[in-house]
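Summary of structural features
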Amino acid sequence: MSPVDHRDRPLSRRSVMSMGVTATVAAGLTAAAATGTLRIASSLDPPSPVVPGQEPDHAYTTDTAEARALAQAGYLDETLRHPLYLFTQEVPSEESGRIARLRRFYNGPGQDHFYTPFEDEFLSVAHDEGYTDESADHPMWVLMADNEDDIPAGAQRLYRVFQPVWVDNFYTTSLAEAEAAVAGQGYEWRWTDRRYPCVFTSPAIGGGTPAARWHRLYNPPR
C-alpha cells in the first residue's frame, strides 16, 4: 500500500457513529431515503477537481444500517445501479480453497476502505499504520475462480483498481467502469496476476445458499 495522507474525515460506521450519527439517526432517514429514492451518482461521473483533504472514497458494506448512516453522512448510494451480493457466512465448497474470507480494513485518518481475500495483502495492510481490521464485525466471503472459464453462472469477477494520490481502493464488477477509472481518473490496476474474486448478481445462489446485498457507496470530492 502507498503511504497514507493523514486526513480527518469520519467514514466508517464506527467513526460515523462517533461523530453523533447514531443508529437512531441512521434509521431515521428522510422520507426520500426511506422510500429508496436516495440520490444516485456514478463513480464514472466527470471528476471534480480534488482538493487536498477532500479526496473521494468508495465504501462497501452488507450492513443496511451502516449504508444508511454513510448516506446520511454524505455518501452517494450506488447500490441500485450496481446490485452485488456475497456470503456473510462460510459455506461448504466442493473444492478446497474455493471460498475465501473477504477481509475489511478502514483507515480513518487516511479515509480509505480496503477489502481483500488474499492472505498476503491482509498481512501487509494489517501492519500498515492507521488501518483497523473490521473483519470480525463484517463477516464476508467470496467465491474464488482460477480463470474466466471457472466463474459459475450468476457470479461476476470483482475488479480492483487503486488511486495512489487519493489513496482510494475501488471495486467493481464492470470491466468498462474499471477501465474508465484507469484511463480517466488516474487509477492503477490491482489483482491482475491473481485468482479471480467473484461476487453474485442475485441473493439466491445455486443450491439455495443465501447471500447478502453488498451495498456500494461513494463519497465524491467536495
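An account of the accompanying structure is given in this report. (Residues numbered from 1 in each chain as written. Predicted model: local features only at pLDDT ≥ 70, side-chain atom pairs only at ≥ 80, totals over all residues. Heavy atoms only, no water.)

1. Here we look at the overall build of the chain
Applied cut-off: Strands are runs of DSSP state E lasting at least two residues, helices are runs of H or I lasting at least four, and both sets are numbered from the N terminus onward. Buried, partly exposed and exposed residues are distinguished by accessible area as a fraction of the type maximum, computed with a 1.4 Å probe on protein chains only: under 20%, between the cut-offs, and over 50%, respectively. Working rule for contacts: check all heavy atoms of both residues, and any pair within 4.5 Å makes them a contact. Per-residue accessibility takes into account occlusion by the displayed protein chains alone, with areas from the Shrake-Rupley method and a 1.4 Å probe.
A tally of regular secondary structure across the chain gives six helices and 15 strands. Taken over 222 residues, the chain has a buried fraction of 49%. For the chain, the share of sequence-separated contacts (at least 6 apart) that also reach a separation of at least 24 residues comes to 78%. For the chain, the accessible surface area stands at approximately 10,200 Å², while carbon and sulfur atoms represent 52% of it.

2. Section: the packing of aromatic side chains
How we decide: Pairing of aromatic side chains here covers Phe, Tyr and the six-membered ring of Trp, requires ring centres within 6.5 Å, and sorts the geometry by plane angle: under 30 degrees stacked, over 60 edge-to-face, intermediate tilted.
Considering all chains together, one arrives at 13 aromatic pairs under this definition. Centre to centre, the rings of tyrosine 115 and tryptophan 214 are 5.6 Å apart; their planes meet at 85 degrees, and the pair counts as edge-to-face. Of this pair, tyrosine 115 sits in strand β6 (residues 112-116) while tryptophan 214 sits in the loop between β14 (212-213) and β15 (215-219), and the two are 99 residues apart along the sequence. Of the two residues, tyrosine 115 and tryptophan 214, both sit in the buried class.

3. A look at the environment of proline 210
Structurally, the position occupied by proline 210 is in the loop between β13 (196-200) and β14. Separated by 125 residues in the primary sequence, proline 210 and tyrosine 85 have C-alpha atoms spaced 9.2 Å apart.

4. Quick look at the sheet that holds strand β12 (residues 188-190)
Quick reminder of the rule: Here, strands pair whenever DSSP counts at least two bridges between them. Note on geometry: axes are C-alpha line fits, over the in-contact stretch for helices, and angles between N-to-C directions span 0 to 180 degrees.
Pairing within the open sheet is antiparallel, and its three strands lie in the order β11-β10-β12. Edge positions in the sheet fall to β11 (168-172) and β12, since each of these pairs with one other strand and no more. Strand-to-strand, the axes of this sheet are offset by a mean angle of 30 degrees, without reference to chain direction. Across five bridges, strand β10 (residues 159-163) lies against β11 in antiparallel orientation. Looking at β11, one finds that glutamine 163 is bridged to aspartate 168. Contacts between helix α6 (residues 175-185) and the sheet are confined to β10, β11 and β12, with β10 contributing the most and set at about 15 degrees to the helix.

5. Here's the deal with the pairing of β15
Most of β15 is tucked away, with five of its five residues classed as buried. Along β15, one buried face is formed by His215, Leu217 and Asn219 and the opposite face, lined by Arg216 and Tyr218, is buried too. Where strand β1 (residues 57-61) and β15 come together, five bridges link them in antiparallel fashion. Within β15, the residue paired with threonine 61 across the bridge is histidine 215. Examined bridge by bridge, strand β2 (residues 76-77) and β15 share two bridges and lie antiparallel to one another.

6. Remarks on the nonpolar core
Rules: Side-chain atoms within 4.5 Å are what join buried Ala, Val, Leu, Ile, Met, Phe, Trp, Tyr and Cys residues into a set we call a nonpolar core.
Core analysis: the biggest nonpolar cluster contains 29 residues, and Leu86, Leu102, Tyr115, Tyr171 and Trp214 have the highest contact counts within it. Contributions of two or more residues to this core are made by β6, α5 (119-126), β8 (141-145), β10, β11 and α6. For this core, the element with the most residues is β10, which contributes three residues. Discounting residues that sit within four places of it in the chain, leucine 102 has contacts with Leu86, Tyr115, Thr116, Pro117, Met140, Trp141, Val142 and Trp214. Counting residues in each nonpolar core, the second largest holds 14 residues, with Trp141, Phe200, Ile205 and Ala211 among its members.

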